[in-house]
Amino acid sequence: MKIEIGTVINNFKVERIRESKELNGRFVEMRHVKTGTELCWMDNGDSNKLFCVGFKTLPEDSTGVFHILEHSVLCGSDKYPVKEPFVDLAKSSMNTFLNAMTFSDKTIYPVSSRNEQDFLNLTSVYLDAVFAPRSVKDPNAFRQEGWHLEIGEDGKPFFNGVVYNEMKGAMSGVDDMIYQGMDTLLFPDNCYGWNSGGDPVYIPDLTYEQYCAMYHKYYHPSNARIFLDGAVPLEKTLALIDEYVGGAEKQPAVHPIPLQQVKPAELTLYYAIGEDEEEEGKAAVGFGRIIANYSEKRRLMMAEILCDYLGDTNEAPLVRAILDAGLGENAELYVADGTEQATLRLVVRNTKSENRDAIRAKTEEVVRGLLEKGLDKELLTAHINRYAFRVKDMREPAGLIRCIMSYQSSLYGGDPMLFLEFDEDIKALRESVENGGFEELLEELLLDFGNMSVLTVLPSKTYGEQLRREEAERAEKVYASLSEKDIEELKAANDRLHRWQQEPDSEEDTKTIPVLPLEEVSPEPLFTKTDVIEKDGVKVLFHAMPTNGIVHVNMYFALTDLAANELPAAGVTAQLLSKLPTKKHSVSELQKLITTYIGKLSFAVKASMKTPESCTPYFMASFSCLEENFAKASEIVSEILTETMFNEDKRIAEILLQLDEETKQRAIMAGHSFGAAAVNSHYLSSAVVTDAVSGYSYRSYVKELAKSFTSEPAKLTSILEKLIAASFVRARLTLGVTALEMPCPKGLVGAFPAGTPAPETVHYDSLLPKKFGVRIPAQVSFAEKGVLVPDFDGRMRVASVIIGLNFLWNRVRVQGGAYGSGLIADPHGMITNYSYRDPSPAKSIGVYDEEADFVKEFCAGSEDITKYVISAIGNLEPLRSPAEAGAAADLQYLDGFTYETAKKERAEMLGTTRENLLGICKALENCAGNGAVCVVGCESALAEFKDMTVKDL
């Protein structure tokens with residue numbers, strides 16, 4: 001239909017239309033004629049269709065009410081009364097995105113799908129969830145997702161709840177503590193100073209009455225902002241939306257955020273470390289200040305570019321000065337934006353608290369020196385080019401990214417397109433390089449520490465135990481304050497909650513959830529085409545697709561001659577390359593070249609596998625650049641790979657100390673990945689590689705190397721030099737290229753010596769115990785268990801959805817209180833159970849062992865299996881950017897996973913029945929009886945396991 005200004009479609013009036021060459025479409029702004037609900041549509045013809053409803057939600061304390069609302073409104077609604085419509089949608093749709101998110105000043109509910117009917121189904125359920133939730137009529141969802149008091153088997157009271165346990169895990173990470181602590185300092189007078197996710201100390205202060213009041217205050221159509229993206233069926237979509245917003249009366253739901261005036265302050269926090277760790281030199285010191293309003297877009301862009309200029313690598317002037325002065329092991333300077341007021345933050349890690357004045361003085365010294373000399377115009381221009389590349393690069397989920405960027409202005413009454421277009425701003429920034437604009441801003445930002453707030457975060461070996469003790473005392477205090485009548489009411493409420501959690505939805509309620517018809521699912525899988533080309537003796541995997549003028553390259557060098565205990569050194573090599581000098585360039589010269597000509601550059605170690613017993617580990621060098629920069633980018637990357645000098649012991653030692661901290665924090669925050677690699681390593685050679693370059697074995701190697709390197713530097717450098725000389729050769733190289741047209745790779749390929757081939761595959765045995773525990777300084781845990789399934793086929797993909805979204809979701813998440821749980825079915829034959837931020841990992845392992853009984857019971861029932869088949873197929877077709885699609889196609893080729901293989905697996909999934917699903921029970925029973933186990937958790941959680949080998953992180 002024709003859309004023009006003034007057109008009214010299902011009570012939404014078109015107020016503004018703008019064509020955008022930059023966005024390849026038109027941006028349409030509408031408003032509901034009755035309630036004033038704002039709606040924006042990015043009409044770009046994208047086959048992936050996005051719907052998102054967002055609300056401006058302003059915390060008034062740190063109880064996490066909006067985080068709890070985010071979860072609980074998805075626990076049943078008037079039209080869709082099942083207890084977990086979010087899960088039912090995950091079971092029954094081919095969604096490309098399905099989630100909800102809480103920010104510091106907004107809560108959003110996005111869904112997307114390539115299929116039109118699926119999109120409309122998702123939109124309908126989400127609209128009913130946010131505008132007609134049952135959670136404000138029945139407290140069970142609030143108590144399950146938020147918090148409630150329970151009585152343990154030992155008779156002691158304790159707090160439980162999904163968000164409560166999630167935030168215990170989130171606030172165990174020092175990075176999250178630093179970020180939240182800085183928010184508290186910088187925004188003492190408005191919503192940004194509160195912990196919008198919820199502080200576990202204060203979450204139990206939230207009452208159900210307060211929860212309901214906040215819902216009614218903020219979840220109103222007049223406070224809703226709706227964003228559509230892609231080729232949405234506009235009339236049908238607006239009709240659905242009007243059903244929910246049209247019946248309300250308009251409210252003056254502006255909810256202004258008072259601008260925070262600068263009030264410099266200081267705060268000291270503590271974080272937990274392990275018993276075997278040293279407290280000396282492990283503090284973090286942060287400085288921060290408010291620097292701009294959201295509407296000052298170019299000022300914010302310039303501030304981001306200055307942060308990159310001063311601090312994006314170890315060789316950037318501010319970071320190098322701090323490292324050389326011995327004032328810390330790592331430093332970062334960044335802009336925290338996406339809110340009404342943006343802030344500048346300088347954080348120095350692994351330092352001493354008494355260094356704060358010296359850090360301040362050193363920063364001022366560096367800035368004055370730069371201003372006296374003048375900023376390097378070529379380097380500034382290179383950073384602007386890098387910024388422009390990031391804008392140009394096609395990332396997914398693109399629609400959701402545009403949605404969030406639009407909210408970053410429209411939420412405060414600004415132009416919803418402000419952060420969607422950048423061409424004119426980038427031109428203006430180039431002009432500022434010549435007119436001194438960057439120097440003026442630098443002086444303003446970093447030569448006035450009198451307006452800076454200061455955060456100090458100190459390590460403590462006793463803090464973790466203190467948190468656990470204080471949590472138990474709070475629960476005891478709450479319980480002790482209850483009268484006998486209150487205690488009886490608590491027990492009755494918990495009984496109601498447990499019955500509600502365990503009672504299955506009625507068949508009538510289940511049928512309300514729309515299910516995409518199976519005929520909507522194509523029997524043909526989505527598959528990225530790979531053209532195999534030989535160039536100068538090197539196999540090139542080319543994937544032709546639109547890339548917005550960018551070339552994406554992946555280089556794979558076979559490492560099959562490395563033993564398992566040598567693989568971690570390859571992982572360290574990936575962290576050192578591009579951060580050390582080459583034979584031709586110093587580090588600073590090299591960094592300038594990279595910033596000028598390369599948009600993205602990374603190094604990693606990954607493995608392909610055609611059988612569980614053997615694999616091919618690869619050293620992977622990946623870069624993306626503009627088409628016109630391909631030759632120069634190729635020259636730079638080949639120089640890094642063949643001519644890096646490993647004779648700078650000081651720089652290597654700095655990087656190893658930073659890597660030591662990074663690997664530790666990764667395990668604390670994402671222990672499920674750590675644990676899964678450990679479990680899978682007992683069955684898959686490729687998983688031994690994963691563990692060796694990113695799991696516990698890697699963490700252990702890095703930890704020891706960071707301690708010993710300075711006394712024996714040659715021991716590492718000789719290994720690295722040997723690895724590079726033998727591995728980075730044409731005979732071991734496979735090249736992957738994703739672009740619209742194939743660039744000439746001759747210069748890139750020809751830069752490497754001929755070399756000798758490596759064996760095609762290698763076998764590795766696990767380096768870890770089969771029942772393994774990793775002790776971390778955290779308040780929650782992660783529990784993994786898995787086994788290899790020799791006769792794996794498409795049925796297991798379907799089974800993983802049934803088990804994960806029915807059984808594990810209910811038993812481990814809903815009843816157990818873990819933030820997440822699931823069963824991963826790997827096409828190589830591995831099934832792996834996991835839990836995430838889990839308060840009771842021992843119970844979760846016990847639940848995993850009941851999966852075979854659950855499947856038997858499920859197969860004896862009458863629930864339609866079609867929706868699980870649809871969901872499982874949808875999981876195999878995620879949104880991918882061109883770079884991601886090319887990399888995935890590379891690995892499929894290297895794994896021997898062909899289009900025919902994909903089609904066969906899809907047919908097996910489509911052919912799954914109750915009868916043949918029973919055949920997987922043997923594998924599940926084998927997992928229960930013989931599967932490998934890994935638990936990453938705190939001391940008290942690990943103490944519940946017998947015969948488990950436990951090691952410190």
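Attention in this report is confined to the structure presented alongside it. (Residues numbered from 1 in each chain as written. Predicted model: local features only at pLDDT ≥ 70, side-chain atom pairs only at ≥ 80, totals over all residues. Heavy atoms only, no water.)

Quick notes on the sheet that holds strand β14 (residues 330-336)
Threshold: The pairing criterion is simple: DSSP has to find at least two bridges between the two strands. Helix and strand definitions here come from DSSP, where helices need a minimum of 4 consecutive H or I residues and strands a minimum of 2 consecutive E residues; each element is numbered from the N-terminal end. To obtain an axis, a line is fitted to C-alpha atoms, over the contacting stretch when the element is a helix, and the angle between two such axes runs from 0 to 180 degrees between their N-to-C directions. Contacts are assigned to residue pairs with any non-hydrogen atoms lying within 4.5 Å of each other.
With mixed pairing, 5 strands are arranged side by side in an open sheet as β12-β16-β13-β15-β14. Both edges of this open sheet fall to β12 (266-272) and β14, since each of them pairs with a single strand only. The mean inter-strand angle of the sheet, taken between neighbouring strand axes irrespective of direction, is 20 degrees. In this fold helix α10 (residues 317-324) packs onto β14 and β15 (341-351), with an angle of close to 150 degrees to the strand it touches most, β14.

Some details on the layout of surface pockets
Convention followed: The method works on a 1 Å grid over the protein atoms by themselves. A cavity is a set of points holding a 1.4 Å probe that cannot get out, a pocket is an open set with protein on both sides within 12 Å along at least five of seven lines, and residues with an atom within 4 Å of a point line them. Grid points are joined across faces, edges and corners, and a volume is the space filled by probe spheres set on the points. Only Asp, Glu, Lys and Arg are considered charged in this grouping, and only Ala, Val, Leu, Ile, Met, Phe, Trp, Tyr, Cys and Pro are considered nonpolar; every other residue, Gly among them, is considered polar.
Taken as a whole, the second largest pocket holds about 1,500 Å³ of empty space. Residue assignment for the lining of the second largest pocket shows that the elements contributing at least two residues are β9 (148-151), β10 (157-160), α5 (162-170), α16 (463-480), α17 (484-502), α28 (794-814), α29 (841-848) and α36 (939-942). Residues of the lining of the second largest pocket, tallied by class, amount to 14 nonpolar, 14 polar and 15 charged.

Here we look at the packing of aromatic side chains
Geometrically, a pair of aromatic rings is defined through the distance of the ring centres and the angle of the planes. Condition: Aromatic rings from Phe, Tyr and Trp, taking only the six-membered ring of Trp, are treated as a pair when their centres fall within 6.5 Å; an angle between ring planes under 30 degrees marks them as stacked, one over 60 as edge-to-face, and anything in between as tilted. Both a distance and an angle decide whether a charge sits over a ring: NZ of Lys or CZ of Arg must be within 6 Å of the ring centre and within 35 degrees of the ring normal.
Tallied over the full model, the rule gives 32 aromatic pairs. In this structure, Arg-345 is placed above the aromatic ring of Tyr-179, and the distance from its NZ or CZ to the ring centre is 4.5 Å. In this structure, Arg-914 is placed above the aromatic ring of Phe-858, and the distance from its NZ or CZ to the ring centre is 5.1 Å.

So, the pattern of salt bridges
Our working definition: What counts as a salt bridge is simple: a side-chain nitrogen of Lys or Arg found within 4 Å of a carboxyl oxygen of Asp or Glu.
According to the stated counting rule, one finds 59 salt bridges in the structure shown. Here Arg-31 makes a salt bridge to Glu-38, at a shortest N to O gap of 3.8 Å. Among the ionic contacts, a cluster of salt bridges with common partners joins Glu-315, Arg-320, Asp-324, Glu-648, Lys-650, Arg-651 and Glu-654.

Let's talk about the environment of Ala-726
Convention followed: Partly exposed describes any residue whose relative accessible area lies between the buried limit of under 20% and the exposed limit of over 50%, with all areas from a 1.4 Å probe on protein chains only and scaled to the type maximum.
For Ala-726, the position within the fold is in helix α26 (residues 713-727). Residue Ala-726 is classed as partly exposed on the basis of its relative accessible area, which comes to 30%.

What about the sheet that holds strand β21 (residues 614-626)?
The strand order β17-β18-β22-β19-β21-β20 describes an open sheet built from 6 strands, whose pairing is mixed. Edge strands, defined here as strands with exactly one partner in the open sheet, are β17 (531-535) and β20 (600-611). Geometrically, the sheet is characterised by an average inter-axis angle of 25 degrees between neighbouring strands, direction not taken into account. Here strand β19 (residues 550-558) pairs with β21 via 9 bridges, running antiparallel. Bridge assignment links Ala-558 to a residue of β21, and that residue is Tyr-618.

Concerning the state of the cysteines
As a reminder, the rule being used: By definition, disulfides here are pairs of cysteine sulfur atoms that lie within 2.5 Å.
Within this structure, the stated rule accounts for 0 disulfides. Cysteine Cys-191 shares no disulfide, and the gap to the nearest cysteine sulfur, in Cys-52, comes to 18 Å. There is no disulfide at Cys-744, and the cysteine sulfur nearest it, in Cys-625, is 13 Å away. The exposure class assigned to Cys-744 is exposed, which follows from its relative accessible area of 57%.

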